[in-house]
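# Descriptive analysis of the structure
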Amino acid sequence: MDMQALRAEQLARAKDVIRHDDFDCLPPRLIAGADVGFEQQGEVTRAALVILEYPSLKLIEHKVARIATTMPYIPGFLSFREYPALLTAWQMLEHQPDLLFVDGHGISHTRRLGVASHFGLLVDVPTIGVAKSRLCGKFEPLDDQPGARQPLMDKGEQLGWVWRSKNRCNPLFVATGHRISNDTALQWVENCMAGYRLPEPTRWADAVASGRPAFLRWQQQG
DNA sequence: GCGACAG
DNA sequence: ATCTTGTCGC
């Protein structure tokens, strides 16, 4: 693969990312969560999309797509590996979400185009990037109490927020994906918490993508 | 040159 | 990401 071409594509697409609030429906009635996993030693890419109702945060739809993996994991180029499967799952959805949570960075990316921004642009829906570890940028140490936050800075600009969602847990990296500001993104992540480290849309997408106990229980009942 | 490096 | 059980601490 031509890394220089992919790098150029990232720089070009990053210019189209909208970093301010641009909602069609506020407050959002349906919120989606997206996550990607792998099977068969990485040969198969598995994308999960879930739809939650707001403010109940109840799961009302879930879809899983499996396609052949086309690219290896290379830091900084994650979106090219994951978006094909995500798009496939997206086309299976019966509901259209007003807001989307993607597991991974948004503009908090070396070239400002993490998977949340790339996928958000493709589906053109307000999108938030929620990552579990740092890719780039610097931040001051966080206080211990939940709710503590620090701006994630890189080259003089704020790329997002480092936010402690839960006591004794590592912080989350929340940032603009597309059509939402960093501040509003963090606000909606806060609105979607239910006592766990991850916000509900991300947590459910992860549970569905990985066949976790919580999802299996839900599937038996419903 | 060296270290860092989402999922 | 994935391979995988118990275990320590609140």
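For clarity, every value in this text was computed on a predicted model and none was experimentally measured.

Cut-offs and rules
Residues numbered from 1 in each chain as written. Chains lettered and ligands numbered in written order. Predicted model: local features only at pLDDT ≥ 70, side-chain atom pairs only at ≥ 80, totals over all residues. Heavy atoms only, no water. Near = heavy atom within 4 Å. Polar contact = N/O pair within 3.5 Å; in protein donor to acceptor, adjacent residues only side chain to side chain. Helix = DSSP H or I, 4+ residues; strand = E, 2+ residues; numbered from the N terminus. Nonpolar A, V, L, I, M, F, W, Y, C, P; charged D, E, K, R; others polar. UniProt positions renumbered as here; feature names shortened; annotations may be inferred. Contact = heavy atoms within 4.5 Å. Core = buried A, V, L, I, M, F, W, Y, C linked by side-chain atoms within 4.5 Å. Buried < 20%, exposed > 50% of the residue type's maximum accessible area, 1.4 Å probe, protein only. Salt bridge = Lys/Arg side-chain N within 4 Å of Asp/Glu carboxyl O. Disulfide = S-S within 2.5 Å.

## Quick look at the protein's contact with DNA strand B
Lining the immediate environment of DNA strand B, one finds 19 residues, of which Tyr73, Leu78, Val115, Lys132 and Ser133 sit closest. In this structure, a sugar or linking oxygen belonging to DNA strand B sits 3.2 Å away from a side-chain N or O atom of His105. Between His109 and DNA strand B, the recorded distance is 3.4 Å, taken from a side-chain N or O atom to a base nitrogen. Mapped by element, the contributors of at least two residues to the surface near DNA strand B are strand S1 (30–39) and helix H2 (78–92). A per-element tally of the surface near DNA strand B places H2 first, with 3 residues. Taken together, the residues that form the surface near DNA strand B break down as 8 nonpolar, 5 polar and 6 charged.

## Things to note about the UniProt feature "site: Interaction with target DNA" (unreviewed entry) in chain A
According to UniProt, the "site: Interaction with target DNA" (unreviewed entry) feature falls on Tyr73. Position of Tyr73 relative to the elements: it lies in the loop between strand S3 (58–68) and H2. Residue contacts for Tyr73: discarding those within four places in its chain leaves Leu78 and Arg81.

## Describing the protein's contact with DNA strand C
DNA strand C sits among Gly37, Phe38, Arg46, Lys132 and Arg168. Taking Phe38, its main chain carries an N or O atom lying 3.5 Å from a phosphate oxygen of DNA strand C. Residue composition of the surface near DNA strand C, by class: 1 nonpolar, 1 polar and 3 charged.

## Regarding the nonpolar core
Of all hydrophobic cores here, the largest spans 30 residues; its most connected members are Leu99, Phe101, Ile128 and Val189. When residues of this core are traced back to their parent elements, those giving at least two are strand S2 (44–53), strand S4 (99–103), strand S5 (127–131), strand S7 (157–163), strand S8 (172–178), helix H4 (182–191) and helix H5 (200–210). For this core, the element with the highest residue contribution is H5, accounting for 5 residues. Leave out the neighbours within four places in its chain, and Ile128 touches Leu99, Leu100, Phe101, Val102, Ala116, Val174, Ala175, Gly177, Ile180, Ala185, Trp188 and Val189. Membership of the second largest hydrophobic core comes to 20 residues, among which are Val36, Ala89, Leu93 and Val123.

## Some thoughts on the UniProt feature "binding site: Mg(2+)" (unreviewed entry) in chain A
The UniProt entry lists Asp35 and Asp103 under the feature "binding site: Mg(2+)" (unreviewed entry), expressed in the numbering used here. Taking the farthest pair of C-alpha atoms as the criterion, the annotated set spanning 69 residues converges on one region, since that pair is 5.5 Å apart. Mapped onto the elements of the fold, Asp35 is located in strand S1. When its relative accessible area of 8% is taken as the criterion, Asp35 is described as buried. Residue contacts for Asp35: discarding those within four places in its chain leaves Arg46, Ala47, Ala48, Leu86, Asp103, Ala205, Asp206 and Ala209. Residue classification places Asp103 among the buried residues on the basis of a relative accessible area of 13%. Apart from residues lying up to four places away in sequence, Asp103 is in contact with Ala34, Asp35, Val115, Val130, Lys132 and Thr202.

## Some words on the pattern of salt bridges
Pairs may arise between side chains of opposite charge once their charged atoms sit close together. Inspection of every chain in the model, using the stated rule, returns 14 salt bridges. Its salt-bridge partner being Lys63, residue Glu94 comes within 3.1 Å of it at the nearest N-O pair. Residue Glu94 is found in the loop between H2 and S4, and its partner Lys63 is found in strand S3; the two are separated by 31 residues along the sequence. Overall, Glu94 belongs to the exposed group, its relative accessible area being 61%.

## Here we look at the state of the cysteines
Counted according to the given criterion, the structure contains 0 disulfides. Cysteine Cys25 remains unbridged, with the sulfur of Cys192 as its closest cysteine sulfur at 13 Å. What makes Cys25 partly exposed here is its relative accessible area of 24%. For Cys192, a relative accessible area of 0% gives the class buried.

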